[in-house]
Amino acid sequence: MLELKNVSFNAESDGENVGIIRDISLSVDDNRFIVITGPNGGGKSTLAKLIAGIQKLSSGSIIFDGVDITDKNITERARLGIGFAFQQPVRFKGMTVLDLLRIASGKTLSISEACEYLSEVGLCAKDYINREINASLSGGELKRIEIATVIARDVKLALFDEPEAGIDLWSFNNLIRIFEKMRSDRRGRTIIVISHQERILNIADEIVVISDGRILKQGSKDEILPEITGTESAVNMCSKIQ
Amino acid sequence: MVQMDAVQKRLFEEVAGLHDIPEGAYNLRANGQSISRNTTANIDIRSKEDVSGIDIHVKAGTKNESIHIPVVLSQSGIKEDVYNDFFIGEDCDVLIVAGCGIDNCGSQDSEHDGIHRFYIGKNSRVRYVEKHYGSGDGSGKRILNPVTEVHMDEGSVMEMEMVQIKGVDSTNRTTIAELKADAKLVVQERLMTHGQQQAYSIYKVDLIGDGSAADVVSRSVARDDSYQKLDLCVIGSAACSGHTECDSIIMDNGRILAVPSLEANNIDAALVHEAAIGKIAGEQLVKLMTLGLTEAEAEEQIINGFLK
Ligand SMILES: Nc1ncnc2c1ncn2[C@@H]1O[C@H](COP(=O)(O)OP(=O)(O)OP(=O)(O)O)[C@@H](O)[C@H]1O
Ligand SMILES: [Mg+2]
């Protein structure tokens, strides 16, 4: 179980100390599929980074599986079973897709195992396995490889930051299948997806709407979805989806 | 059969990937002497009379053969200059594996200065792999100052892979090439320095024939208190194309001076240079840490990939 208690994050912006995340409390039970949504700049990515340890909390605490991880670093949290797929994946000159998947899996992954992860994200494995993760990869390819690095790990909590962004129609059919498979592969695995995509919101057990650093709404899909699709914020969301 | 001790065997393995006596032509040199040699019907190796070193003659038309000429120094305090000349006939396709490994456990400096000259015949292809490696914990320095001179005849192709990843205290590498019409040179250098090491790497590539092309790429990492100077120069004196690139990572107190330079003496010379120096991107470290690596492990992986 993941528990955020009064989590805040402040940052300097134009010499002013602004609240990016303001006193968020949230608890997520095991084996849940949570979708976080809300307007651009609302603080979704920041919240995910706070959970993964990439940003340090200004105040509050985070409890994961009964352990207070507030002061644990990125590596320690990763080893406790937290995985994170970045909104904007990083490139590595010289490192190949196979190298990265091997690091992700934490074992001497065979080529055929690595290929399976790539196939799951819809990449033709033999074309990609030895590709360098450099500027020659397209944004969508990079994004899929990023997702594969999280699939390759045996995580208890998987965070995906806008996994559908930049990838073609494949996402609608396969991304959802990936999430469902991840959940059924491991009992008790929790998935938190940040998304603006209605199809993804549709399969959520629970939707959390974050705006201006606060939880604006939270509840089951049936409660939240009609609300946000019937308000102005839905207009924003739709224009983003296009 | 050759007598080698364990240190020598390890050094041969590091620099030439040799677990055993190689196939094809070879000359193995240890502590200042040739210890084993093999020639083939097409490849002749002879000791020089006047100075230390060998002449290697490859007959025209020789294809898919290899020549291994690794050198190891395992005694402290040896200093040697070795002259190796390669005469490659026309229409050949050969692999040459050179390299030098120094193990210095003593207090005296060990130094190997290899001067390699290549005369590559028309339309021949040569792949040249050179690895330098140092080990041993003595206070004596491990010094390598290779000079490589390449003369490329029309339509010839040379691919050079120059690698120095570990343990060489001081190095001054000079590579000079001259390319006639339609000749093509591709250089990939990989350099890593650590501790107090100093490395100077100088390339001067002269494109004198129409249609000649050169691509000289150096990737390097300077860690601890080490220093590198990379001086990559391409001169275009014909209708040619040239590209040089220095791409470096600095860590700790490492310092790098990158001086890519171009000289165009012909209106149809198309020359490009690029240089970038920077520390490891924080985002790269963060990504690998979210996969469970420590910061130090993440650095190691990023550097391994970069220098691969
Ligand atoms: N370290 C920081 N310093 C200053 N401002 C920051 C910092 N980190 C985030 N912000 C700001 O906080 C706000 C929230 O950013 P965040 O990336 O979390 O938004 P988001 O909800 O993920 O938006 P999007 O939907 O566009 O991805 C933005 O206005 C951003 O500019
Ligand atoms: Mg975001």
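Because the structure is predicted, anything quoted here is derived from the model rather than measured.

1. Comments concerning the coordination of the magnesium ion (ligand 2)
Residue and element names in this part refer to chain A. Around the magnesium ion (ligand 2), the protein contributes the donor atoms Ser45 (OG) and Gln87 (OE1), which lie 2.0 to 2.3 Å from the metal centre. Residue Ser45 is located in helix H1 (residues 44-52), and its partner Gln87 is located in the loop between strand S6 (82-85) and strand S7 (92-96); the two are separated by 42 residues in the primary sequence. Using a relative accessible area of 18% as the deciding quantity, one classes Ser45 as buried.

2. Some thoughts on the site of ligand 1
All names here are of chain A. Contacts to ligand 1 come from 14 residues, most closely from Gly41, Gly43, Lys44, Ser45 and Thr46. Lys44 has a polar side-chain atom sitting 2.8 Å from an oxygen atom of ligand 1. In the environment of ligand 1, an oxygen atom lies 2.8 Å from a nitrogen or oxygen atom belonging to the side chain of Ser45. Bound to the protein, ligand 1 loses 64% of the 640 Å² it would expose on its own. Elements with a minimum of two residues in the shell around ligand 1: strand S1 (2-13) and H1. At three residues, the largest contribution of residues to the shell around ligand 1 is made by H1.

3. With respect to the environment of Ala238 of chain B
All names here are of chain B. Within the element layout of this structure, Ala238 appears in the loop between strand S18 (227-236) and strand S19 (241-250). Assessed through its relative accessible area of 3%, Ala238 is described here as buried. Spatially, the C-alpha atoms of Ala238 and Asn266 are 5.4 Å apart, while their sequence positions differ by 28 residues. Once you skip the residues sitting within four places of it in the chain, Ala238 turns out to touch Leu207, Ile208, Gly209, Asp210, Asn266, Asp268 and Ala269.

4. Considering the pairing of strand S15 (residues 184-193) of chain B
All names here are of chain B. Counted residue by residue, S15 has seven buried out of 10 residues, so it is predominantly covered. Pairing between strand S13 (residues 157-166) and S15: eight bridges, direction parallel. Note that in S15 the partner of Met162 across the bridge is Glu189. Pairing geometry for S15 and strand S17 (residues 213-222), over 10 bridges, is parallel. In the strand pairing of S17, Arg190 is matched with Arg219.

5. Details of the pattern of salt bridges
Residue and element names in this part refer to chain B. Inspection of every chain in the model, using the stated rule, returns 25 salt bridges over all chains. Put simply, Arg29 and Glu80 hold a salt bridge, and the shortest N to O gap is 2.7 Å. Linking Arg29 in strand S1 (residues 25-30) with Glu80 in strand S7 (residues 79-88), this pair joins segments that are 51 residues apart in sequence. The exposure class of Glu80 is buried, given its relative accessible area of 6%. A salt bridge links Arg173 to Glu130; its shortest N-O distance comes to 3.3 Å. One end of the pair, Arg173, is in strand S14 (residues 170-179); the other, Glu130, is in strand S10 (residues 125-135), and 43 residues separate them in sequence. Judged on exposure class, the residue Arg173 and its partner Glu130 are both buried. Through salt bridges with shared partners, one network takes in Lys48, Asp55, Asp85 and Arg117.

6. Considering the packing of helix H3 (residues 97-105) of chain A against helix H4 (residues 111-120) of chain A
Residues and elements named next belong to chain A. The contact between H3 and H4 brings their axes to 10 Å, and the two run at 95 degrees. Classed by the angle they form, the pair H3 and H4 counts as roughly perpendicular. Taking contact as the criterion, the partners of Val97, Leu98, Leu101 and Arg102 in H3 are, on H4, Ile111, Ala114 and Leu118. Residues that form the contact of H3 with H4 fall into these classes: six nonpolar, no polar and one charged.

7. What about the interface of chain A and chain B?
With 23 residues of chain A in contact, the opposing surface of chain B contributes 20 residues. Looking only at chain A, the three residues that lose the most surface to chain B are Phe92, Lys93 and Ile103 of chain A, adding up to 30% of its buried area. For Arg79 of chain A, the salt bridge identified is with Glu297 of chain B, shortest N-O distance 3.3 Å. Applying the counting criterion to the chain A and chain B interface returns nine residue pairs in polar contact (both at pLDDT 80 or more). In terms of residue count, the dominant contributor to the side of chain A that touches chain B is S7 of chain A (five residues).

8. Quick look at the sheet that holds strand S5 (residues 67-68) of chain A
Residue and element names in this part refer to chain A. Reading across the sheet, the four strands line up as S2-S1-S4-S5 and stay open at both edges, with antiparallel pairing between neighbours. Unpaired on one side and paired on the other, strand S2 (16-28) and S5 mark the two borders of the sheet. Bridge analysis of strand S4 (residues 59-64) against S5 gives two bridges, and the strand direction is antiparallel. Counted as the bridge partner of Phe64 is Val67 from S5. Along the sheet, H1 makes contact with S1, S2 and S4, crossing S1 at roughly 115 degrees.

9. A look at the pairing of strand S9 (residues 157-161) of chain A
All names here are of chain A. Judged by how many residues are buried, S9 sits mostly within the fold: five of five residues are covered. Because side chains alternate across S9, one face comprises the buried residues Leu157, Leu159 and Asp161, and the other comprises Ala158 and Phe160, equally buried. Sheet topology note: the S6/S9 ladder contains four bridges and is parallel. Looking across to S9, one finds that Phe84 is bridged to Leu159. Sheet topology note: the S9/strand S10 (residues 190-194) ladder contains five bridges and is parallel. Each residue of the ladder has a partner; that of Phe160, found in S10, is Val193.

Criteria and thresholds
Residues numbered from 1 in each chain as written. Chains lettered and ligands numbered in written order. Predicted model: local features only at pLDDT ≥ 70, side-chain atom pairs only at ≥ 80, totals over all residues. Heavy atoms only, no water. Donors = N, O, S within 2.8 Å, 3.2 Å for Na, K, Ca; no water. Helix = DSSP H or I, 4+ residues; strand = E, 2+ residues; numbered from the N terminus. Buried < 20%, exposed > 50% of the residue type's maximum accessible area, 1.4 Å probe, protein only. Near = heavy atom within 4 Å. Polar contact = N/O pair within 3.5 Å; in protein donor to acceptor, adjacent residues only side chain to side chain. Areas by Shrake-Rupley, 256 points an atom, 1.4 Å probe, with all protein chains shown as cover. Contact = heavy atoms within 4.5 Å. Pairing = 2+ DSSP bridges. Salt bridge = Lys/Arg side-chain N within 4 Å of Asp/Glu carboxyl O. Axes fitted to C-alpha atoms, helices over the stretch in contact; angles between N-to-C directions. Parallel < 35°, antiparallel > 145°, perpendicular 65-115°, else oblique. Nonpolar A, V, L, I, M, F, W, Y, C, P; charged D, E, K, R; others polar. Buried area = accessible area lost by both parts, 1.4 Å probe.

That is the geometry; function is a separate question.
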